[in-house]
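What the coordinates show
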Amino acid sequence: MKVLVTSSLYPTPGAPKVVGGAEIFVRRLVESLVARGDAIEVVRAASLPDQRAERHNDVDVYSAPNRNIYLPFTEQRSAPVRGIWHAIEDWQRTADVVGARIDAFKPDLLHSNNLSGLTTAVWKAAFDRGIPVIHTLHDYYLTCPRCSRFSNGRACKHTCLSCNLLTLSRRSATRHLSAVVGVSQRILDIHTELGLFANATRKVIRHASALGPIAPIATPPSSTLRLGFIGRLTEEKGIYNLVKAIEVLPPSSVRLVIAGHASDEIKQELRDLAPRATIEFLGFVAPEKFYEQIDVVVIPPIWEEPGPIVVADARAAGKPFLGTKFGGIPEAVARGAKGWLTEPDPESLAASIRQLLSKPDEIAAMVKQLSLQKNEYTFTSVVDEYRALFAGIVESRRSV
């Protein structure tokens, strides 16, 4: 099968930028498809000026030049400047690089992922050439210029007027889709409740871990609970609420280990929120190194987190998690992931952590269950589901 994949970011040696889990997932999927014998090309949004095409791990990766007032995924801009950027983004009509690659590569279908910097014009380029389009929802780009449905410190329950206006063209373009994939049922429901994808095949394909087996490390009993946070250190991810919760606990009872990029300014800001707490910043590390150093993963988002990969990675690493009741996290627990759910505010987080401190045997039992539990849903399962969906859409198009 020949598939053209689009993604806002796709890390390679020449353009290694990574913002979230979506681009890591896309590269894993692409390289897995190539390993299965599929022919794949990738088009990403240029994250650098004059970004050239690359060949990386048997995949040709092309970069679509930016036609906006600044490159995506750069430093924060003022609200008026961001408004202009989003207005231009929403009404972008051309996708020359995607069209050129469709004409040259002649794919069986186009699989789009995050769209910032590329826009829904990639769908029209394929649709006009009779190529079916499958889109995976990793964020809320189609209903929110910020892509997060998060504003003023809380998750948006409704789509505001400005978001409606700035995403009008995006939502209209969904008529070009043959199928849409949600990385959780929750993200798919939020979009379908707004009337999107009425004529497209809809499917949930959840994340699975790509981590290799992690041998359990015996650690001596300790009265200090090692909590871990991995990911972007942003407000919607809940890191500030978590640090505030740690501050009200006895200083010797908890150690917080944070993995992910943290500027000196953010480190100081977090330490100022919890001056008595023990906080360790690991920076960017291999996930295996992170999980070796913790007892429980904390996943505390205060937005509708679409489908955090950390839930799957925690299970693969044999670590239980404490998560908030947002997005795809409750679904993971309902499907057998080992963890506890809590409300996202600092007081509730602190109360839940106190409960964990009072029940060390429960944590130990959960870790043992994870070590004995065979995870049937692996990244190979994810690849199987995507290939089956791709084949079904292509076959149905041919039969028509």
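The preceding data block contains the structure.
On a predicted model such as this, the values are computed, not experimentally measured, just so you know.

1. Observations regarding the overall build of the chain
- Scanning the chain from terminus to terminus reveals 15 helices and 16 strands.
- Computed over C-alpha atoms, the radius of gyration of the chain comes to 22 Å, within 12% of the 21 Å expected from 2.2 N^0.38 for 400 residues, which places it in the range of a compact globule.
- Along the longest, intermediate and shortest principal axes, the C-alpha atoms of the chain span 65 × 50 × 40 Å.
- The buried share among the 400 residues of the chain stands at 52%.
- Restricting the contact set of the chain to residue pairs at least 6 apart, pairs at least 24 apart contribute 68%.
- Carbon and sulfur atoms provide 53% of the accessible area of the chain, an area that totals close to 18,000 Å².

2. Comments concerning a nonpolar patch on the surface
- On the surface, a cluster of nonpolar side chains totalling about 240 Å² of accessible area is made up of Ile69, Ile84 and Ile88.
- Here Ile84 lies in helix H2 (residues 79-90).

3. Looking at the state of the cysteines
- Under the defined criterion, the tally for this structure stands at 0 disulfides.
- Free of any disulfide, Cys156 has its nearest cysteine sulfur in Cys144, 6.1 Å distant.
- Classification of Cys156 as partly exposed rests on a relative accessible area of 28%.
- Free of any disulfide, Cys160 has its nearest cysteine sulfur in Cys163, 3.5 Å distant.

4. Comments concerning the side chain of Thr159
- With respect to the secondary-structure elements, Thr159 resides in the loop between strand E8 (154-155) and helix H5 (161-166).
- A distance of 2.9 Å separates a polar atom in the side chain of Thr159 from a polar atom in the side chain of Arg149.
- Not counting the four nearest positions on each side in its chain, Thr159 is found in contact with Thr143, Arg149, Asn164 and Leu194.

5. Some points on unusual backbone geometry
- A positive phi angle, close to 50°, is found at Asn57, a residue other than glycine.
- Given the relative accessible area of 43%, Asn57 is considered partly exposed.
- Of note in this structure, Cys147 is not a glycine but carries a positive phi near 70°.
- Considering the arrangement of structural elements, one finds Cys147 in the loop between strand E6 (133-137) and strand E7 (150-151).
- Taking relative accessible area as the criterion, Cys147 reaches 13% and is therefore assigned buried.

6. Focus: the sheet that holds strand E13 (residues 278-283)
- Ordered in space as E13-E12-E11-E14-E15-E16, the 6 strands form an open sheet in which the pairing is parallel. Two strands bound the open sheet, and with one partner strand each, they are E13 and strand E16 (339-342). On average, each strand axis in the sheet is tilted by 25° relative to the strand beside it, whichever way the strands run.
- Two elements, strand E11 (residues 225-230) and strand E12 (residues 254-259), share 6 bridges in a ladder whose sense is parallel. What sits directly across from Gly228, in E12, is Val257.
- The sheet contacts of helix H8 (residues 239-247) involve E11, E12, E13 and strand E14 (296-299), and relative to E12 the element is tilted by about 160°.
- Sheet contacts for helix H9 (residues 264-273): E12 and E13; angle to E13, the most-contacted strand, approximately 160°.

7. Let's talk about the environment of Asn241
- Mapped onto the elements, Asn241 comes out in helix H8.
- A residue is classified by how much of its surface remains accessible, and Asn241, at 15% relative accessible area, is buried.
- Every residue in contact with Asn241, bar those within four places of it in the chain, is listed here: Ile302, Pro344, Asp345, Pro346 and Leu349.

8. A look at helix H1 (residues 21-35)
- End to end, H1 covers 21 Å across 15 residues, agreeing with the expected 21 Å (1.5 Å per residue, within 8%).
- Along H1, the residues classified as buried are Ala22, Glu23, Phe25, Val26, Leu29, Val30 and Leu33. The buried residues of H1 all sit within an arc of 155° when viewed along its axis, so they share a single face.
- On its buried face, H1 sits against strand E1 (2-7), strand E2 (39-45), strand E4 (59-64), strand E5 (109-112), helix H11 (309-317) and helix H15 (379-399).

9. Re the sheet that holds E1
- Judged by pairing direction, the sheet is mixed, and its 8 strands sit side by side in the order E3-E4-E2-E1-E5-E6-E9-E10 without closing on themselves. Two strands lie at the open edges of the sheet, namely strand E3 (54-56) and strand E10 (201-204), each paired on one side alone. When strand polarity is set aside, the average angle formed by the axes of neighbouring strands in this sheet is 20°.
- The pairing of E5 with E6 spans 3 bridges and is classified as parallel. Its bridge partner being in E6, Ser112 is matched across the sheet by His135.

10. Considerations on the pairing of E14
- Residues of E14 alternate between two faces, with Val296 and Val298 on one and Val297 and Ile299 on the opposite face, all of them buried.
- By the bridge criterion, 2 bridges tie E11 to E14 in an arrangement that is parallel. In the sheet register, Gly228 faces E14, and the bridge partner there is Val297.
- For the handedness criterion, the β-α-β arrangement of E14, H11 and strand E15 (residues 321-324) is classed as right-handed.

11. Description of the packing of H8 against H9
- In the contact formed by H8 and H9, the axes pass within 8 Å of each other and the chain directions differ by 40°. Contacts between H8 and H9 involve Ile239, Tyr240, Val243, Lys244 and Glu247 on the former and, on the latter, Glu269, Leu270 and Leu273.

12. Digging into H15
- With 21 residues, H15 should cover 30 Å at 1.5 Å per step; its first-to-last C-alpha distance of 30 Å lies within 8% of that length.
- Burial in H15 covers these residues: Phe379, Ser381, Val382, Val383, Tyr386, Leu389, Phe390, Ile393 and Val394.
- Where H15 is buried, its residues contact E1, H1, E5, E6, strand E9 (179-182) and E10.

What counts and how
Residues numbered from 1 in each chain as written. Predicted model: local features only at pLDDT ≥ 70, side-chain atom pairs only at ≥ 80, totals over all residues. Heavy atoms only, no water. Helix = DSSP H or I, 4+ residues; strand = E, 2+ residues; numbered from the N terminus. Rg over C-alpha atoms; globule rule 2.2 N^0.38 Å. Buried < 20%, exposed > 50% of the residue type's maximum accessible area, 1.4 Å probe, protein only. Contact = heavy atoms within 4.5 Å. Areas by Shrake-Rupley, 256 points an atom, 1.4 Å probe, with all protein chains shown as cover. Patch = residues over 30% accessible without salt bridge, like charges linked within 9 Å, V, L, I, M, F, W, Y side chains within 5 Å. Salt bridge = Lys/Arg side-chain N within 4 Å of Asp/Glu carboxyl O. Disulfide = S-S within 2.5 Å. Polar contact = N/O pair within 3.5 Å; in protein donor to acceptor, adjacent residues only side chain to side chain. Pairing = 2+ DSSP bridges. Axes fitted to C-alpha atoms, helices over the stretch in contact; angles between N-to-C directions. Expected span 1.5 Å × (residues − 1). Arc of directions from axis to C-beta. Right-handed = clockwise from strand over helix to strand, strands pointing away.

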